[in-house]
Amino acid sequence: MFKPVSKAYFERKKILESINAASDIDQVIRVGQKQTTPRPVKIKLKNQSDKGRILKAAKNLKGTEIYISKDMTPLEQAEHRKLVMELKKKRGEAGVDDQ
């Protein structure tokens, strides 16, 4: 009847609570086919005004196995890719290492 909850679940929940995101979640949907590696999830928020706050706080997740990114349309993805390539080119010209 009930599925046992793993230790990893509680660790992830604790991390999400640390950025005040756990209570804002309305729905969690797994994306892609079942596989041996963890699948990404799409999270629907109760209130869209919290999206910016959560994305801003996501930088605090550095060093964990969790990352949060904005769901982008194919057009937004292409524009983002273009900007990243331009940034890398300018950093290369200035002699700045990529992180």
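This structure is a prediction, so every number in the text was calculated from the model and none was measured.

Visitor: How would you sum up the overall build of the protein chain? Please name residues and give values.
Guide: When helices and strands are tallied, the protein chain shows 3 helices and 2 strands. Taken from N to C terminus, the helices and strands of the protein chain fall in the order α-β-β-α-α. Every one of the 99 residues in the protein chain was classed for burial, and the buried ones make up 11%.

Visitor: Help me get a handle on helix α3 (residues 74-94), residues and values and all.
Guide: End to end, α3 covers 30 Å across 21 residues, agreeing with the expected 30 Å (1.5 Å per residue, within 8%). The positive-phi residue at the C-terminal boundary of α3 is Gly95, with phi of around 80°.

Visitor: Tell me about the pattern of salt bridges, residues and numbers included.
Guide: As enumerated under the stated definition, the model contains 3 salt bridges in all. Where Lys70 meets Glu76, a salt bridge forms, and the shortest distance between an N and an O atom there is 3.6 Å. Of the residues examined, Lys70 reaches a relative accessible area of 40% and is grouped as partly exposed.

Visitor: Which residues make up the confidence of the model for the protein chain, and what values go with them?
Guide: Residues with a pLDDT of 70 or more make up 78% of the protein chain, whose mean pLDDT is 79. For the protein chain, helix α1 (residues 7-18) is the element with the lowest average pLDDT, namely 69, and α3 is the one with the highest, namely 92.

Visitor: Explain the environment of Pro40 residue by residue, including any values.
Guide: Residue position: Pro40 is located in the loop between β1 (25-30) and β2 (41-45). For Pro40 and Ile29, which are 11 residues apart along the polypeptide, the C-alpha to C-alpha distance reads 8.7 Å.

Visitor: Please give an account of a nonpolar patch on the surface that cites residues and values.
Guide: Taken together, the side chains of Val28, Val41 and Ile43 present a nonpolar region at the surface, about 230 Å² in accessible area. Within the fold, Ile43 resides in strand β2.

Visitor: Can you lay out the environment of Ile68 for me, pointing to particular residues and giving the numbers?
Guide: Here Ile68 shows up in the loop between α2 (50-57) and α3. Given the relative accessible area of 28%, Ile68 is considered partly exposed. The spacing of Ile68 and Lys42 is 26 residues in sequence and 9.7 Å in space, taken between C-alpha atoms.

Visitor: Describe the pairing of β1, and please don't skip the residues or the numbers.
Guide: Little of β1 sits out of view: just 0 of its 6 residues are buried. Bridging between β1 and β2 involves 5 bridges; their strand directions are antiparallel. By the bridge assignment for β2, Val28 is matched with Ile43.

Parameters at a glance
Residues numbered from 1 in each chain as written. Predicted model: local features only at pLDDT ≥ 70, side-chain atom pairs only at ≥ 80, totals over all residues. Heavy atoms only, no water. Helix = DSSP H or I, 4+ residues; strand = E, 2+ residues; numbered from the N terminus. Buried < 20%, exposed > 50% of the residue type's maximum accessible area, 1.4 Å probe, protein only. Expected span 1.5 Å × (residues − 1). Salt bridge = Lys/Arg side-chain N within 4 Å of Asp/Glu carboxyl O. pLDDT = per-residue confidence, 0-100. Patch = residues over 30% accessible without salt bridge, like charges linked within 9 Å, V, L, I, M, F, W, Y side chains within 5 Å. Areas by Shrake-Rupley, 256 points an atom, 1.4 Å probe, with all protein chains shown as cover. Pairing = 2+ DSSP bridges.

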